Amino acid sequence: TRNVAVSPDGTRWSRWWETVREDYTLAVLTLGGVVAVAWLALFAVYRAVTGNWLAAANDTILSLVLGWAAWHAWRTGNTRWPGWVMALAIVAGIWAIGVAAQFAALFWAYPGVLMMFFLVPAPAAALLGIAAVLGAAGLSWRELGGTEGLPFFVITNVLTGVFGYVVSQQAQARIARWQTLSFVDPLTGVGNRRLMSVELAQACARPGSAGTLAV
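A short tour of the structure in this document, coming up.

Thresholds, definitions, all that
- Residues numbered from 1 in each chain as written.
- Predicted model: local features only at pLDDT ≥ 70, side-chain atom pairs only at ≥ 80, totals over all residues.
- Heavy atoms only, no water.
- Core = buried A, V, L, I, M, F, W, Y, C linked by side-chain atoms within 4.5 Å.
- Buried < 20%, exposed > 50% of the residue type's maximum accessible area, 1.4 Å probe, protein only.
- Helix = DSSP H or I, 4+ residues; strand = E, 2+ residues; numbered from the N terminus.
- Contact = heavy atoms within 4.5 Å.
- Phe/Tyr/Trp six-rings, centres within 6.5 Å; stacked < 30°, edge-to-face > 60°.
- Patch = residues over 30% accessible without salt bridge, like charges linked within 9 Å, V, L, I, M, F, W, Y side chains within 5 Å.
- Areas by Shrake-Rupley, 256 points an atom, 1.4 Å probe, with all protein chains shown as cover.
- Salt bridge = Lys/Arg side-chain N within 4 Å of Asp/Glu carboxyl O.

1. Some points on the nonpolar core
The tendency in soluble globular proteins is for nonpolar side chains to be buried as a group. Of all hydrophobic cores here, the largest spans 40 residues; its most connected members are Leu66, Met86, Ile90, Leu119 and Phe153. Mapped onto this core, the elements with two or more residues apiece are α2 (24–49), α3 (53–76), α4 (80–101), α5 (104–119), α6 (122–139) and α8 (150–183). Of all the elements, α5 adds the most residues to this core, at 10 residues. The contacts of Ile90, once residues within four sequence positions are left out, are Leu66, Gly112, Met115, Met116 and Leu119.

2. Looking at the packing of aromatic side chains
If you walk through the whole model with that rule in mind, you get five aromatic pairs. Between Trp39 and Phe43, the ring centres sit 5.3 Å apart and the planes meet at 25°, which makes this aromatic pair stacked. Of this pair, Trp39 and Phe43 are both found in helix α2, four residues apart, which corresponds to roughly one turn of the helix. Judged by its relative accessible area of 45%, Trp39 is partly exposed. Arranged with centres 5.8 Å apart and planes meeting at 85°, the rings of Tyr110 and Phe153 form a pair that is edge-to-face.

3. Examining a nonpolar patch on the surface
Residues Leu54, Trp95, Val99, Leu127, Ile130, Leu134 and Leu139 make up a contiguous nonpolar surface patch of about 700 Å² in total accessible area. Of all the secondary structure elements, the ones that give two or more residues to the nonpolar patch are α4 and α6. With four residues, α6 is the largest single contributor of residues to the nonpolar patch. Within the secondary structure, Ile130 is located in helix α6.

Right under this line is the structure:
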């Protein structure tokens, strides 16, 4: 989940920018949504004009799913399930691109593998990354150059995944440290007023919830 930070000037753009800066998962989801709208949707039109209806259908479905995940994360403030939806859609999209457009899947594998580690937990990201690489390599075997190009493709994707893992883990550790410093008193270990406000907001957000606060 995310906490919306309000900038001093109070402008909507500044609030959006502060929110994206504080939540890296939301930032990646937003990037995926922008790519879906600004690139995949237009490419779907191009594929349809050139008569490649299979690729056009794939790009259309992928753009809709990625766009929905980004929109849902912004609307609800929850990035967990949209992250899983986008990660699975990326793998399915790479496989579908491999079927419809062959060599194009090879290029999409790199950003796909990188994004996984910012959308889902690291073990799942590694498995999904392997699935994406296997699909791209297997379905674009001829364009890859067969066994001659396979080692280079695998090694470069592994390096991309390692980079994504390291950066995402550092980001998670820093966010956890900042949240601890922000919500917990360092001397007593007791939650402060900020933590109480967050917990009260979460309790009130539950459907059908009712309760009493005693001070």
